[in-house]
Amino acid sequence: MSIQEVIKTLHTDLEKGLSLTEVDRRIQLYGFNEIESKAGKSIIKMVIEQITNLFMILLLFATIVAIIVGEMGDAISILAIMAIMIAAGVIQEYRAEKALEKLKSLTIPKAKVLRNGRIVEVDSRYIVPGDILILNEGDRVAADSRLIEAHDLYVDESMLTGESRPVEKKADTVLEEDTPVADRINMVFAGTYIVRGSGKAVVVATGMSTELGKIASLVAEASREERTHLHIEMDRLAKQLGGVIAGIAFIVLILVIFLGIATPIEALLTSIALAVAAVPEGLPAVLTMILALSVTRMARRKALVRKLGAVETLGRVTVIATDKTGTLTRNEMTVKTIWIPRDKYIEVTGSGYIRQGSIKYNSKEYEYGQLPILDYLIEGAVLCNNASVDYSINPPKPIGDPLEAALYVLAYKAKIDPDKLRNKYTRTKEIPFSSERKMMSVIVKRSANLLLYSKGAPEVILEKSKYVMLEDGAIVELTPEYKELILARTEEMASKGLRVLAFAYKVLSGSEEELEKDLVFIGLTGLIDPPRPEVPEAIKKALDAGIKVIMVTGDHAVTAKAVAEMIGLPIEGKKIVTGRELEKMSNEELEEIIDDVAIFARVSPEHKLRIVKALKKKGHIVAMTGDGVNDAPALKLADVGVAMGLRGTDVAREAADLILEDDNFATIVAAIEEGRTGYNNIRKATLYLLSANMAEVLLILGSILLLEEIILTPPMILWINLVTDSIPAITLGLEPPEPDIMKIKPNQLKPLLGKTGLTYLGYIGVVLALLSGFIGYIANISHVVMSTSTYVGLSVGELAHSYNMRSPNKSLLEIGLFRNKYHILSYFIGLAVAILPIYAIPWLLEASPLALREILVSITIPHIVIFVEEARKRLLRDIP
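Since the model is a prediction, treat every value here as computed from it, not as a measurement.

The rules behind each value
- Residues numbered from 1 in each chain as written.
- Predicted model: local features only at pLDDT ≥ 70, side-chain atom pairs only at ≥ 80, totals over all residues.
- Heavy atoms only, no water.
- Helix = DSSP H or I, 4+ residues; strand = E, 2+ residues; numbered from the N terminus.
- Buried < 20%, exposed > 50% of the residue type's maximum accessible area, 1.4 Å probe, protein only.
- Areas by Shrake-Rupley, 256 points an atom, 1.4 Å probe, with all protein chains shown as cover.
- Lys, Arg positive; Asp, Glu negative; His and termini not counted.
- Charge placed at Lys NZ, Arg CZ, Asp CG, Glu CD.
- Pairing = 2+ DSSP bridges.
- Patch = residues over 30% accessible without salt bridge, like charges linked within 9 Å, V, L, I, M, F, W, Y side chains within 5 Å.
- Salt bridge = Lys/Arg side-chain N within 4 Å of Asp/Glu carboxyl O.
- Axes fitted to C-alpha atoms, helices over the stretch in contact; angles between N-to-C directions.
- Parallel < 35°, antiparallel > 145°, perpendicular 65-115°, else oblique.
- Left-handed = near helix turned anticlockwise from the far one by under 90°.
- Contact = heavy atoms within 4.5 Å.
- Nonpolar A, V, L, I, M, F, W, Y, C, P; charged D, E, K, R; others polar.
- Core = buried A, V, L, I, M, F, W, Y, C linked by side-chain atoms within 4.5 Å.
- Arc of directions from axis to C-beta.

Novice: Just checking my understanding: could you explain the overall build of the protein for this structure?
Specialist: Scanning the protein from N- to C-terminus turns up 34 helices and 28 strands. C-alpha extents for the protein along the principal axes are approximately 120 × 75 × 50 Å. The buried share of the protein, taken over its 880 residues, is 56%. Element-wise, carbon and sulfur atoms account for 58% of the exposed surface of the protein, whose accessible area totals about 37600 Å². Separation between the mean location of the 100 positive side-chain charges and that of the 109 negative ones in the protein comes to 2 Å.

Novice: Explain the pairing of strand β10 (residues 334-340) to me, please; I cannot follow it from the model alone.
Specialist: Residues in a regular strand project their side chains so that they alternate between the two faces of the sheet. Within β10, six of the seven residues are buried, which leaves the element mostly enclosed by the surrounding structure. Sheet topology places β10 next to strand β22 (residues 519-528); five bridges connect them, and they run antiparallel. By the bridge assignment for β22, Thr-334 is matched with Ile-528. Pairing of β10 with strand β11 (residues 344-348), which is carried by four bridges, proceeds in the antiparallel orientation. When the bridges of β11 are listed, Thr-337 appears paired with Glu-347. Following β10, the chain reverses through three residues before pairing antiparallel with β11.

Novice: Teacher, can you tell me more about a negative patch on the surface here?
Specialist: On the surface, Glu-176, Glu-177, Asp-178, Glu-583 and Glu-606 cluster together to form a negatively charged patch. Position of Glu-176 relative to the elements: it lies in the loop between β5 (167-168) and β6 (187-188). Judged by relative accessible area, which is 63%, Glu-176 ranks as exposed.

Novice: Got a minute to help me understand the pattern of salt bridges in this structure?
Specialist: Oppositely charged side chains can pair when the atoms bearing their charge come close. Applying the stated criterion across every chain yields a total of 39 salt bridges. Among the ionic pairs, Lys-415 bridges to Glu-365, the shortest N-O distance being 3.5 Å. Of the two residues, Lys-415 is situated in the loop between α14 (402-413) and α15 (418-424) and Glu-365 in strand β13 (residues 364-365); the sequence distance between them amounts to 50 residues.

Novice: Would you take a moment to explain the packing of helix α25 (residues 665-707) against helix α29 (residues 783-804) for this structure?
Specialist: Working note: a packed helix pair is described by the angle between its axes plus the distance between those axes. Where α25 meets α29, the axes come as close as 10 Å, and the angle between the chain directions of the two elements is 155 degrees. When the axis of α25 is compared with that of α29, the two are roughly antiparallel. When the axes of α25 and α29 are compared, the crossing they make is right-handed. Between α25 and α29, the residues in contact are Tyr-688, Ser-691, Ala-692, Ala-695, Glu-696, Leu-699 and Leu-707 and Met-786, Thr-790, Leu-794, Glu-798, Leu-799, His-801 and Ser-802, respectively. Split into classes, the residues belonging to the contact of α25 with α29 amount to eight nonpolar, four polar and two charged.

Novice: I keep staring at the nonpolar core and nothing clicks. Help me out?
Specialist: Generally speaking, soluble globular proteins have nonpolar side chains that are buried together. Residues Met-551, Leu-658, Phe-665 and Tyr-791 are the most contacted members of the largest nonpolar core, which totals 122 residues. The element contributing the most residues to this core is α25, with 20 residues. The contact partners of Phe-665, leaving out residues within four places of it in the chain, are Ile-320, Thr-322, Thr-327, Leu-328, Val-535, Ala-538, Ile-539 and Val-549. Counting 47 residues, the second largest nonpolar core, distinct from the first, contains Leu-383, Cys-384, Leu-501 and Tyr-505.

Novice: Quick question: what am I supposed to make of unusual backbone geometry here?
Specialist: Trans peptide bonds make up most of the peptide bonds, and negative phi angles are found at most residues other than glycine. The omega torsion across Pro-341 and Arg-342 is 5 degrees, close enough to zero to call that bond cis. With phi around 55 degrees, Lys-438 is a residue other than glycine that occupies positive phi space. The topology assignment puts Lys-438 in the loop between β16 (426-431) and β17 (439-446). Its identity as a non-glycine residue notwithstanding, Asp-518 has a phi of 55 degrees, on the positive side. Assignment of secondary structure puts Asp-518 in the loop between β21 (499-508) and β22. Accessibility expressed as a relative area gives 33% for Asp-518, which makes it partly exposed.

Novice: How do you make sense of helix α33 (residues 852-860) when you look at a structure like this?
Specialist: Each full turn of the α-helix corresponds to 3.6 residues, which orients residues three or four apart in the same direction. Buried within α33 are the following residues: Glu-854, Ile-855, Val-857 and Ser-858. Relative to the axis of α33, the buried residues are bounded by an arc of 165 degrees and lie together on one face. Within α33, the exposed residues directed more than 90 degrees away from the buried face are Leu-852 and Arg-853. Where α33 is buried, its residues touch α28 (755-778), α29 and α31 (821-840).

Novice: Please clarify how the sheet that holds strand β27 (residues 640-644) should be interpreted in this entry.
Specialist: Within a sheet, neighbouring strands are paired by backbone hydrogen bonds and run either parallel or antiparallel to one another. The strand order β8-β28-β27-β26-β9-β23-β25-β24 describes an open sheet built from eight strands, whose pairing is mixed. Of all strands in the sheet, those bounded by a partner on one side alone are β8 (303-305) and β24 (575-578). Neighbouring strand axes in the sheet, compared pairwise and without regard to direction, differ in orientation by 20 degrees on average. Here strand β9 (residues 319-322) pairs with strand β23 (residues 548-552) via four bridges, running parallel. Bridged to Ile-320 within β23 is Val-549.

Novice: Would you mind going over the pairing of β17 with me for this structure?
Specialist: Of all eight residues that make up β17, seven are buried, and the element is covered over most of its length. Sheet analysis places β16 next to β17, joined by five bridges and oriented antiparallel. Following the sheet pairing, Lys-429 is matched in β17 by Ile-443. As defined by bridge partners, β17 adjoins strand β18 (residues 449-456) across eight bridges and the pair is classed as antiparallel. Bridging across to β18, Val-444 finds its partner in Leu-451. Hairpin connection from β17 to β18: two residues lie between these consecutive antiparallel strands, with Ser-447 at a positive phi of about 55 degrees.

So this is what it looks like as structure tokens:
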């Protein structure tokens, strides 16, 4: 709409603003100008949700049984574990709900408005559509508004659009209705702030109707999080265990009654005790510890995990949808090539804002002063430029426009200090760059002459030029043939993803009516934000792991394609879809083509949400990167939201599962590797603990049938489950990645307990039960000695078996006996906590101290399980 149409539609007055009565009426009509949020969950509700987890129900069952059979110590121990797990879950959920609060903090407490003909400062929640906002430098915008005046007005919209450079705003522009938010130069938006200039604007949307409010709605919708794959796996495991435990308990009950070993009541208590033995009480705590260890390892690789469940989900990622700027590239503009007439390309080495690098002219390093045409180009690049670089910090940071900073660095590569050059040639005037002019000029004093240097878009500089300087320094007329050649080279450089700038100069006589006219064309520079050096290897690693990589960028398709080719992102036979094309597609059409898309170019953060939805509809597990407020819904909806640590907003970080400290794509791949390693280690620990439980169940079942009594006391079972086994299980979480971890496709990752896993549990349970049962048999001096020997034998057997589980499929000799030093330590600690209680506190375990012979037998024989497993690994590598 035009300004007049907006004023008419909103029934407001440009000179007086709204009356207080009208403001009250509109508050009733439109509501307050604030971000709404639903009441958060109560602590009680969070606790109930944690308790209703299937594994927690299983532990609760074990607690009730322990109380029924009079084992209060066991019940208290299990309840303590449950309390720790519930507390951890509640804290995690509380932290995960911070994103909306961060969005609310972006609305400001005060704003200046025109009311009853006077400028007043009011609480921003009382701003209504039709209010006239007064905007000044440093103000944060209170509501979405249409500009009615703009005086040199620049607005920082990075928190909304992700665009780091301030946007120049214009009031007298009328735009198409479907213009993207980032291109609406006649609008200002809630939460953005004025970096320069002043203006007036009429409020058109408040509260949840603003762009910020729409994002809040999307975040809230996306916050109805799907459960992580680990939660689903754990629930499935709990169901499997519940079924197995119930089956075993029922079989024992029937057998004991049928064989007349005990009364029905005693048989029931026996079968219940057996069921308790089958519950891996330490498993939830061990898994939490392993996830926490994985988080620590990721942090060392500059990936900060905000939610523990994301560790395992990372390992299952099938698609990474990644930003280009700063993630795949360095976010540091660099001059890569220079072109000079007649027709010569000159290579420029070096990357980013560091001083190292050179200008390769005729295979030699050019130095300032050696060639007039390059001297003039270097002078134009440095003098017609307001930027510099701060070298007091590492890495160096640009001060001013990043593109101009790259031109400043070009002087160092010509072996001249740009600041000395600026001091030598004093600037007397600047004709600034604007989006309309597309060029910038400065007048400098050089010796006795006044020189004008210009830089800008090649077509604009050519239009202003009458002459051209050649390689040998000769100045000739700029003929149509030269113009055609220069434009062809401009197009050629642009097709390679280079940002092309042209340079020209002119010696001023002092009588010019028009300064920027009859210039001498010097040459072109091609700039690019170069790829990070580690990215090509990371892309290859991701592809080898069966992970698809999609580039999602706000940049042009040509630039995105050039970067894709540089980093080895496969684009042959793939589609490149632009934001405008995406706008025209239905969700169904997008889903149809999404698997064939390599690049989404010129997309806004809003498009990311559609991309994530389409990928998930196709069954993908998606990691999506983002840094702006507008990225928050997509980050929330993605299976793994990845926020930028350096340039990301607080809202994006709060919505994300993973934060990259270095904003680097290679760090995402490293995190996926750690996620896979974490899941593998969780699986190892799960199989280890369950095989130990299986051994206990089989041992107790055998003793009931053969001896008509339970060989292990309930305290012994609980001590093994909670203490002895848990220590080595946790250190299995410290196992380094297996060499082929990033060669496995995501769909080839095995479940925690599949069919082969169940077979394995049965086999290893039999081996451990036989070995410890044999130890008890040969130590049959008395029931208590036999029981204690069996307990020690089983404890040591399970500790020895933890070595087998360091790699379920590879020999210990292959993976290295001493590679995990923490596991060696845990073995000896486990040995101590298993044996010392029978001497120090035998009453606690209902045990008896063993003689030297019995203890040596109980320690040595169980290690046979290692040799049994080594033989199995050679014969059947696919199990478990």
